[in-house]
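Fold and geometry: a report
Below, each chain spelled out in residue letters.
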Amino acid sequence: MSETTVTVESAATETSSCCGSCGTDAGAAPAAESARTSVFQVKGMTCGHCVTSVTAELKKLDGVEDVAVDLATGKVTVGSTRPLADSEVAAAIDEAGYDLVGRVEG
């Protein structure tokens, strides 16, 4: 299981003569896409094969970057670049052969 750490650095200038009033604001950096973390409760996982199957199916979803499964609790943590709909997560987990109980509110 791997963990992903995302570091976002902001653009800063030591000195800037631009006030930004002309719209060129030299100190502005483009907004980075935010990482999102969602936790789901999954029923039916009992072994490493279960973990592998759930992880593989979830990683097929657009925007999913990281999946961590806690087999003991059945909690699946998903890191993504966009919000994930419960229906698409449920479909992926169903495809792996397990049941989505629901989203765990944090």
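What counts and what doesn't
Residue numbers here run from 1 along each chain, matching the order of that chain's written sequence. Since the coordinates come from a predicted model, pLDDT governs what is reported: local features require at least 70, and pairs of side-chain atoms require 80 or more to be given and counted, while whole-chain, interface and lining totals use all residues. Neither water nor hydrogens contribute to the side-chain values; these are computed over all heavy atoms in the structure. Under the scheme used here, helices are H or I runs from DSSP no shorter than 4 residues and strands are E runs no shorter than 2 residues, and both carry numbers assigned from the N terminus. Categorising residues by exposure relies on relative accessible area from a 1.4 Å probe, with only protein chains included: less than 20% of the type maximum marks a residue as buried, more than 50% marks it as exposed, and the intermediate range marks it as partly exposed. Pairs of residues are marked as contacts when any of their non-hydrogen atoms sit within 4.5 Å. In the sections that follow, a salt bridge refers to a side-chain nitrogen of Lys or Arg positioned within 4 Å of a carboxyl oxygen of Asp or Glu. pLDDT: the predictor's confidence for each residue, scored from 0 to 100. Note on terminology: disulfide denotes any pair of cysteine sulfur atoms within 2.5 Å.

When you go through the protein chain residue by residue, the secondary structure sums to two helices and four strands. When the helices and strands of the protein chain are read in sequence order from the N terminus, they spell out β-α-β-β-α-β. Per-residue burial for the protein chain yields a buried fraction of 26% across its 106 residues. Counting only contacts in the protein chain whose residues sit at least 6 apart along the sequence, the fraction spanning at least 24 positions is 60%.

So, about the pattern of salt bridges. Applying the stated criterion to the full structure yields four salt bridges. With its nearest N and O atoms 2.8 Å apart, the salt bridge here joins Arg-82 to Glu-88. Across the pair Asp-86 and Arg-103 runs a salt bridge whose closest N-O atoms are separated by 2.6 Å. Highlighted residues: Asp-86 in helix 2 (residues 86–96) and Arg-103 in strand 4 (residues 99–104), separated in sequence by 17 residues. Asp-86 gets classed as partly exposed once you look at its relative accessible area, which sits at 36%. By relative accessible area, which is 30% here, Arg-103 ends up partly exposed. Through salt bridges with shared partners, one network takes in Asp-62, Arg-82 and Glu-88.

Do not read the predicted coordinates in detail wherever pLDDT is low. Taken residue by residue, the protein chain gives an average pLDDT of 79. The fraction at 70 or more is 67%. Strand 4 is the least confidently modelled element of the protein chain, averaging 96 in pLDDT, while strand 3 (residues 75–80) averages 98, the highest of any element. A low-confidence stretch, residues 1–18 (pLDDT under 50), is modelled with 12 contacts involving residues beyond four sequence positions or located in other chains. Of the regions scoring below 50 in pLDDT, residues 23–32 engages in seven contacts with residues more than four places distant in sequence or in other chains.

Counting across every chain of the model gives zero disulfides. Here Cys-47 is not disulfide-linked; the sulfur of Cys-50 is the nearest cysteine sulfur, at 3.6 Å.

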